[in-house]
Amino acid sequence: EAGVTQFPSHSVIEKGQTVTLRCDPISGHDNLYWYRRVMGKEIKFLLHFVKESKQDESGMPNNRFLAERTGGTYSTLKVQPAELEDSGVYFCASSQNMNTEAFFGQGTRLTVV
Amino acid sequence: AQRVTQPEKLLSVFKGAPVELKCNYSYSGSPELFWYVQYSRQRLQLLLRHISRESIKGFTADLNKGETSFHLKKPFAQEEDSAMYYCALSAFGGYNKLIFGAGTRLAVHP
């Protein structure tokens, strides 16, 4: 069974540019979570989808971040325009329901220069 | 505010030595706590969930509500235990909205 897959694995962009990160959850997992770890800090929750609906987006840092999950399958996280402080590792996780194990992707390392 | 504290950034031990990775939390309700591990070049994976009360790869963790701690222990460290360990708390139960500590890197030397 394929695990949670994230694309790209690395991205280097200039300040002011736009970047879109993608997450493909495990098939059949209704719950999808985005987290990020900025340099030297904790892994922090960004948002939670149940199917295509945003269940909780309280962790989204500001309106430069837009997450979508059209059709309830894969999800995208767009940063527009990117700032230096957005650099970090963005993780996606999925679970069948909120009480079953959440499996993480390998992460996308974003570097904004 | 809900918070998870892992006071040690790095814990360095020799093979066969006991290991204790510290985790303290602050939470006003009944917490659900987890330990996640990330081995080199691998993804973050669940090691323990406190309600399961299991021992995985020789590791155990006991929730101490009086001390608000959930320390991870192993009596005899192995080199393959070298990894980054994260303690996490669930604010709403289950795996929803995990609050992570900063992580402790465990280095087990031969």
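Up top you'll find the structure we're talking about.
Residues numbered from 1 in each chain as written. Chains lettered and ligands numbered in written order. Predicted model: local features only at pLDDT ≥ 70, side-chain atom pairs only at ≥ 80, totals over all residues. Heavy atoms only, no water.

Enquirer: Would you mind going over the overall build of chain B with me for this structure?
Expert: Assigned secondary structure in chain B consists of zero helices and eleven strands. In summary, chain B has a C-alpha radius of gyration of 13 Å against a globular reference of 13 Å for 110 residues, a match within 12%. If you take every contact in chain B between residues at least 6 apart in sequence, the share linking residues at least 24 apart comes to 58%. Of the roughly 5500 Å² of accessible surface on chain B, 50% is carried by carbon and sulfur atoms. Here chain B carries 14 positive and 9 negative side-chain charges, and the mean point of each set is 7 Å from the other. (Helix = DSSP H or I, 4+ residues; strand = E, 2+ residues; numbered from the N terminus. Rg over C-alpha atoms; globule rule 2.2 N^0.38 Å. Contact = heavy atoms within 4.5 Å. Areas by Shrake-Rupley, 256 points an atom, 1.4 Å probe, with all protein chains shown as cover. Lys, Arg positive; Asp, Glu negative; His and termini not counted. Charge placed at Lys NZ, Arg CZ, Asp CG, Glu CD.)

Enquirer: Can you help me understand empty space enclosed by the protein in this one?
Expert: A probe as big as a water molecule, rolled over the atoms, marks out the empty space that is left. Residue and element names in this part refer to chain B. Per the stated rule, a full pass over the model turns up one cavity of 30 Å³ or more. Taken as a whole, the largest cavity spans an internal volume of roughly 30 Å³. H50, R53, A61, D62, L63 and F70 together form the lining of the largest cavity. Among the residues making up the lining of the largest cavity, the classes are represented as three nonpolar, one polar and two charged. (1 Å grid on protein atoms, 1.4 Å probe; cavity = no way out; pocket = protein on both sides within 12 Å on 5 of 7 lines; lining within 4 Å. Points joined across faces, edges and corners; volume = space filled by probe spheres on them. Nonpolar A, V, L, I, M, F, W, Y, C, P; charged D, E, K, R; others polar.)

Enquirer: Can you walk me through the pairing of strand β2 (residues 10-13) of chain A in this structure?
Expert: In the case of a regular strand, side chains alternate between the two sheet surfaces. Residues and elements named next belong to chain A. Covered by surrounding structure in β2 are S11 and I13 only, the residues H10 and V12 on the alternate face being uncovered. In the sheet, β2 pairs with strand β11 (residues 108-112) via four bridges, with the strands oriented parallel. For S11, the partnering residue across the bridge sits in β11 and is L110. (Buried < 20%, exposed > 50% of the residue type's maximum accessible area, 1.4 Å probe, protein only. Pairing = 2+ DSSP bridges.)

Enquirer: Sorry if this is basic, but what is going on with the pattern of salt bridges here?
Expert: Oppositely charged side chains may form a pair once their charged atoms are brought near each other. Residues and elements named next belong to chain A. Applying the stated rule across the entire model yields nine salt bridges over all chains. A salt bridge links D86 to R36; its shortest N-O distance comes to 4.0 Å. Linking D86 in the loop between β8 (75-79) and β9 (88-95) with R36 in strand β4 (residues 31-38), this pair joins segments that are 50 residues apart in sequence. Overall, D86 belongs to the buried group, its relative accessible area being 1%. By relative accessible area, which is 15% here, R36 ends up buried. Between K54 and E57 there is a salt bridge; the shortest N-O distance is 3.9 Å. Its relative accessible area of 36% is what places K54 among the partly exposed residues. Residue E57 is classed as partly exposed on the basis of its relative accessible area of 43%. Overlapping salt bridges, with partners in common, bring together R36, R64 and D86 in one network. (Salt bridge = Lys/Arg side-chain N within 4 Å of Asp/Glu carboxyl O.)

Enquirer: What am I meant to see in the state of the cysteines here?
Expert: Residues and elements named next belong to chain A. Counting across every chain of the model gives two disulfides over all chains. A disulfide bridge connects C23 with C92, and the sulfur atoms are separated by 1.8 Å. With the S-S bond torsion at -65 degrees, the cross-link from C23 to C92 turns out left-handed. Of the two residues, C23 sits in strand β3 (residues 19-24) while C92 sits in strand β9, which places them 69 residues apart along the sequence. For the pair formed by C23 and C92, the shared burial category is buried. (Disulfide = S-S within 2.5 Å.)

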